[in-house]
Structure formats: C-alpha cells, structure tokens
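So you can see what is in the structure, the chains are spelled out below.
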Amino acid sequence: MIEYLDARALVLGAAKALSSESVPLARALGRTLARDIRAREDIPPFTKSTMDGYAVRAGDTRLSGTGTPLEVELEVLADLPAGRIARKAVGPGQAVRIMTGAPLPAGADAVVMVEHTESHERTVRIRRGVRPGDNIGLAGEDLRRGEIALERGTIIGPAESGMLAAAGLARVPVTRRPKLAVIATGDEIVEPGKPKRPGQIRNSNGTALTAMAVEAGADARYLGIARDRNASLASKLARARGADVLVLSGGVSVGDYDLVKAGLEASGVKPVFWQVRIKPGKPVFFGVRGRQLVFGLPGNPTSSLVTFLLFVRPALDRLLGRSAAGPASMTAVLDEAIVLKPGRTQFLRGCFVSRGPVLKVAPYEDQRSGVLRSMVRGRVLIVVPADAARLEAGCEVEILLMDGL
Ligand code: AMP
Ligand code: MG
C-alpha cells in the first residue's frame, strides 16, 4: 500500500502531453493551448481615442491643471468615425471631431470629451483643458508585437478566445483531446431504463465517470458493463485498446468476484500501484499498457468519483499539457471539529459554510463511501492527514475543489 502523494506522483510521471492539432477559433473553448501564442502586431494596432470628443493639441487647451474656467475656440477640420484615418494633421488652433476607437490624427496628442465642449458650425469651444495622453489608448498598450499573449498550457475560456481573436488567429493550436474509455463492472448493476431484478442496483458509475471525463476535457466513450467473468471483461478490454486512458469501476477489491486486476494484467497491463492509503478509495489500481493509462477505481459510487478526481483528473490535465494538474487545492478554515480514525489520508466530502471574509468549510455528516448524496451536494474534499485523530474547529485545512467555487 502506498501513500496518496506517492501514488499521485506515479500517475503524473506516467502521463505525457499528447500531440497537438489545429482547430477553428470558434471551436476552441475549453481546449488547451499547445504552444505560446505571440501577438502578430501591436494590440491595439494604432493609438486611438477612448472617448467621443475632439482630438486636439493639449497645449492649445491651455487650461491644464489650473481649473481656470477659461475657454478656447478651435477650428474643426473633419469628422472622424471609428474605422477611418484622418487625412489632415491637427495643426495649432485646430481639432478633429473624433469617435471612440478612431485612430488619433497626426499632430493631436489628446482628446477632449464631447461633454466638455460646445460645438459650433466650423469651430468647437473647449471648456475643460486636457494634458497630453488624456483619453487616448496607445498602440500596443495591451500587447506589443511579438510579446506572449497566452502561454501554452492555458485553458481557453471566453477572455482567452477574445485575446486569440485580437491576435488575429482564425485557427488555434491545441492539444488533442485524450480518448478515454469507461467500463463499469459487476453482475449486480443494471443500466437505467432496463428492468431490474431483486438484488440488483442501478449503474450510476458508468454515467458519472463518463461525465467527469467529459468535464475534464476528454473525448470520453462509455463501453458498457463487463460482468464478473473473465471472458466478459476481456471482450470489453479488447474494445478499449485505442484509448489513451481506460477507467474501470468496481471489481478491484479483494472479493471472490473482483477480477479486474487479474484481468487487466492478463490483457497486458503492467501494474504501477494497487491500494493507496486513502479513504475513501483504498483499493484503487493504476497500471500502464504501452502508452495507455489504466485506472481500476473501486465500485462504491463515492470512492469511484473521489479516486477519479484524485488520480484520473490530474492524469488528464497532464495529457492535455495543462499548466496545472488538478484538482485545484486551496486552504480553508474548518467550521467544526472533526474526530477521525487515523491511519489513512482522508478526503471528506463537504461544502463551504462561509465564503468570506474567511473561507470556511464543514464536512457532511455521512461519509460512507456508498453515499452518492454527499457527492451531489459536495463542493470540496477536505484533506485530513493520515496521522490526524482530531481536527479542531478554526484550524486550517487543505481543500480540493470538486468543481468551481
Ligand atoms: P466493488 O468495487 O465491485 O466491490 O463494488 C463495491 C460496491 O459498489 C458494491 O456495493 C457495488 O454494488 C457498488 N457498485 C459497483 N459498481 C457500481 C456502479 N457501476 N454503480 C453503482 N454502484 C456500483
Ligand atoms: Mg463488483
């Protein structure tokens, strides 16, 4: 039996980033950048007005800083909407009417907001002075040409796709989605919608694990149920050959019908570890078959989902070349004392009790590994070190986020 962090390190060590592919920008949401993206030009590409108003030579407004209610009248040369270039430079005593986003005309060095002006036929009266640089955005102030806009390993969210568009990319280099196959095992489990006999239960892991894989960015395929017989398992395993990651639920314990470990080894999977000093999820198995990563997760619904989060999730992050391998970890304060049986690192399902000014968490009452309810309501896993017998209210604990905050 090995420790949680050692097991995690073995998984991370075996997971190497997959190759990359190019996808249209519109399909890049949620994907991971396969290389650094540099700005191909300055962003913004020219110095522009950030207000509707008048482009002027700040010196002409002669009011800078004094607040004197002195007014000046400037000659208006032209009207400049966004998307156009001024044909004439702004000379002394002159101004160009300018809209937000239009390139600043040559000669001008500031913009007076329209609210501070009074427009006449060919002239404008300026009621408030400006200093050079007022109400303009400089070329390249967001990004300079050649500068890194987004680093490889970044997950593309809405802001990132906006940045890629600003940088002019129509296609984006991303890592290939890991192909992941899910196999549920057990003689007692029945798919939803199928008739159920006494003694049988619904297969919840097939759906839940596939969903977790999809959420983590995998191209996940559910292969159905292998019964607790060698031949049944072998035929499902054969169908999973092309997958980068294979996830099985159930049958990895020490019961008479727990055939998964032996079945995996018979199909050429080399074991890396079996049994980790954690609760829930102790019987978890990890092995490799060539470049394929194989996880045998315990069948208890909670154990299954927790071990997915602890081991499969970081493996997927690595395969995707993401800059951080999940699950996201942070520190919170325990809202109530917990008493535990020491011996294994525990991952208690819990939730946020308060989000501020201090982040406070509390575990759910029922921590039995068959209780899927605690995962449904859960937001966090509270990590309790193996040697802790009691944690006091108010003490700091590490938490792992099951999803966002
Ligand atoms: P096992 O790991 O196969 O010994 O299963 C442990 C417990 O989890 C047993 O009570 C099983 O009935 C249950 N179980 C196994 N597979 C599933 C599944 N796919 N969905 C729901 N419960 C399951
Ligand atoms: Mg079983």
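No experiment lies behind these values; they were computed from the predicted model shown.

Q: How would you explain the side chain of Ser49 if you had to name every residue and give the values?
A: Checked against the element boundaries, Ser49 lands in strand 3 (residues 48–49). Residue classification places Ser49 among the buried positions, given a relative accessible area of 1%. Those residues in contact with Ser49 that lie beyond four places of it in its chain are Ile98, Met99, Thr100, Gly101, Ala102, Val111, Asn135 and Ile136.

Q: How would you sum up the layout of surface pockets? Please name residues and give values.
A: Approximately 850 Å³ is the volume attributed to the largest pocket. Counting only elements with at least two residues in the lining of the largest pocket, the list comes to strand 15 (201–202), helix 7 (301–319), strand 23 (338–339) and strand 24 (345–354). When residues in the lining of the largest pocket are grouped by element, the largest group, four residues, is from strand 24. Per-class residue counts for the lining of the largest pocket are 16 nonpolar, 17 polar and twelve charged. Counting only domains with at least three residues in the lining of the largest pocket, you end up with domain 1 (4–17 + 176–319) and domain 4 (329–401). A volume near 350 Å³ is recorded for the second largest pocket. Lining the second largest pocket we find 16 residues, and of these Met212, Glu215, Leu305, Met375 and Met402 sit closest to its centre. Secondary structure elements with two or more residues in the lining of the second largest pocket: helix 4 (205–215), helix 7 and helix 8 (373–377). Among the residues forming the lining of the second largest pocket, the class breakdown is eleven nonpolar, one polar and four charged. Two domains each put at least three residues into the lining of the second largest pocket: domain 1 (4–17 + 176–319) and domain 4 (329–401).

Q: Go over the site of ligand 1 with me, naming the residues and quoting the values.
A: Close to ligand 1 lie 16 residues, the nearest being Glu188, Asn203, Ser204, Gly251 and Gly299. At 2.8 Å from an oxygen atom of ligand 1 is found a main-chain nitrogen or oxygen belonging to Gly251. Calculation on ligand 1 without its partners gives an accessible area of 490 Å², and the protein chains cover 77% of this total. Here ligand 1 occupies the largest pocket. Here the shell around ligand 1 is built from residues that sort into four nonpolar, nine polar and three charged.

Q: Would you mind going over the domain arrangement of the protein in detail, with residue names and values included?
A: Structurally, the protein comprises domain 1 (4–17 + 176–319), domain 2 (20–43 + 141–175), domain 3 (48–137) and domain 4 (329–401). Taken over C-alpha atoms, the centre of domain 2 sits 38 Å from the centre of domain 4.

Q: For the packing of helix 1 (residues 4–14) against helix 7, give the residues involved together with the corresponding values.
A: Interhelical geometry of helix 1 versus helix 7 gives an angle of 30° and a closest axis separation of 9 Å. As far as their axial angle goes, helix 7 and helix 1 are roughly parallel. Two packed elements cross with a definite hand, and for helix 1 against helix 7 that hand is right-handed. On helix 7, the residues that touch Tyr4, Ala7, Arg8, Val11 and Leu12 of helix 1 are Leu310, Phe311, Pro314, Ala315 and Arg318. Of the residues belonging to the contact of helix 1 with helix 7, the class tally is eight nonpolar, no polar and two charged.

Q: Summarise the pattern of salt bridges; cite the residues concerned and give the values.
A: Applying the stated criterion to the full structure yields 15 salt bridges. Here Asp79 makes a salt bridge to Arg97, at a shortest N to O gap of 3.6 Å. Taken as a pair, Asp79 in strand 5 (residues 72–80) and Arg97 in strand 6 (residues 94–98) lie far apart in primary sequence, 18 residues in all. Owing to a relative accessible area of 28%, Arg97 belongs among the partly exposed residues under this scheme. A salt bridge links Arg390 to Glu392; the shortest N-O distance between them is 2.7 Å. Take Arg390: its relative accessible area is 46%, and that puts it in the partly exposed class. Judged by relative accessible area, Glu392 falls into the partly exposed class, the value being 42%. What emerges from the salt-bridge pattern is a single network uniting Glu71, Glu73 and Arg125.

Q: Go over empty space enclosed by the protein with me, naming the residues and quoting the values.
A: Inspection of every chain in the model, using the stated rule, returns one cavity of 30 Å³ or more. Taken as a whole, the largest cavity encloses approximately 40 Å³ of empty space. Contributing to the lining of the largest cavity are Thr185, Arg227, Asp228, Arg229, Leu233, Gly251, Tyr257, Leu259 and Val260.

Q: Report on the sheet that holds strand 6, specifying residues and quantitative values.
A: Spatial strand order, 7-4-6-5-9-8: six strands in an open sheet with mixed pairing. The open sheet has two edge strands, strand 7 (110–113) and strand 8 (117–119), and neither has a second partner. Averaged over all adjacent pairs, the angle separating strand axes in this sheet is 35°, with direction ignored. With four bridges joining them, strand 5 and strand 9 (residues 123–126) adopt antiparallel strand pairing. Across the sheet, Val72 pairs through a bridge with Ile126, a residue of strand 9.

Each value, and the rule that gives it
- Sequence order as written defines the numbering, with residues in each chain counted from 1.
- Just so you know, chain letters begin at A and ligand numbers begin at 1, following the order they were written in.
- Side-chain atom pairs in this predicted model are given and counted only at pLDDT of 80 or more, local residue features only at pLDDT of at least 70, and totals for whole chains, interfaces and linings cover all residues.
- Just so you know, side-chain values use all the structure's heavy atoms and leave hydrogens and water out.
- Each helix corresponds to a stretch of at least 4 residues labelled H or I by DSSP, and each strand to a stretch of at least 2 residues labelled E; elements are numbered beginning at the N terminus.
- Only protein chains enter the area calculation, which uses a 1.4 Å probe; residues under 20% of their type maximum are buried, those over 50% are exposed, and those in between are partly exposed.
- Should any heavy atoms of two residues lie within 4.5 Å, those residues are counted as being in contact.
- Cavities and pockets were defined on a 1 Å grid built over protein atoms only: a cavity is a set of grid points that admits a 1.4 Å probe from which the probe cannot escape, a pocket is an open set flanked by protein on both sides within 12 Å along at least five of seven lines, and lining residues are those with an atom within 4 Å of any such point.
- Grid points are joined across faces, edges and corners, and a volume is the space filled by probe spheres set on the points.
- Residues were grouped as follows: Ala, Val, Leu, Ile, Met, Phe, Trp, Tyr, Cys and Pro as nonpolar; Asp, Glu, Lys and Arg as charged; and all remaining residues, including Gly, as polar.
- The source of the domain bounds is an automatic or database domain assignment.
- Here, proximity means that at least one heavy atom of the residue falls within 4 Å of the molecule or strand.
- N or O atoms closer than or at 3.5 Å make up a polar contact, with two conditions inside protein: a donor-capable atom paired with an acceptor-capable one, and, for residues adjacent in sequence, both atoms drawn from side chains.
- Methods summary: accessible areas were calculated by the Shrake-Rupley approach with a probe of 1.4 Å, and residue burial reflects only the protein chains presented.
- Each molecule is assigned to a cavity or pocket provided more than half of its atoms lie within 2 Å of the corresponding grid points.
- Here, axes are lines fitted to C-alpha atoms. For helices the fit covers the stretch in contact, and angles between N-to-C directions go from 0 to 180 degrees.
- Roughly parallel covers angles under 35 degrees, roughly antiparallel covers those over 145, roughly perpendicular covers 65 to 115, and oblique covers all other angles.
- Definitions for this section: a left-handed crossing has its near helix turned counterclockwise from the far helix by less than a right angle. A right-handed crossing has that turn clockwise.
- A carboxyl oxygen of Asp or Glu within 4 Å of a side-chain nitrogen of Lys or Arg is what we treat as a salt bridge.
- At least two bridges found by DSSP between two strands is the condition for calling them paired.

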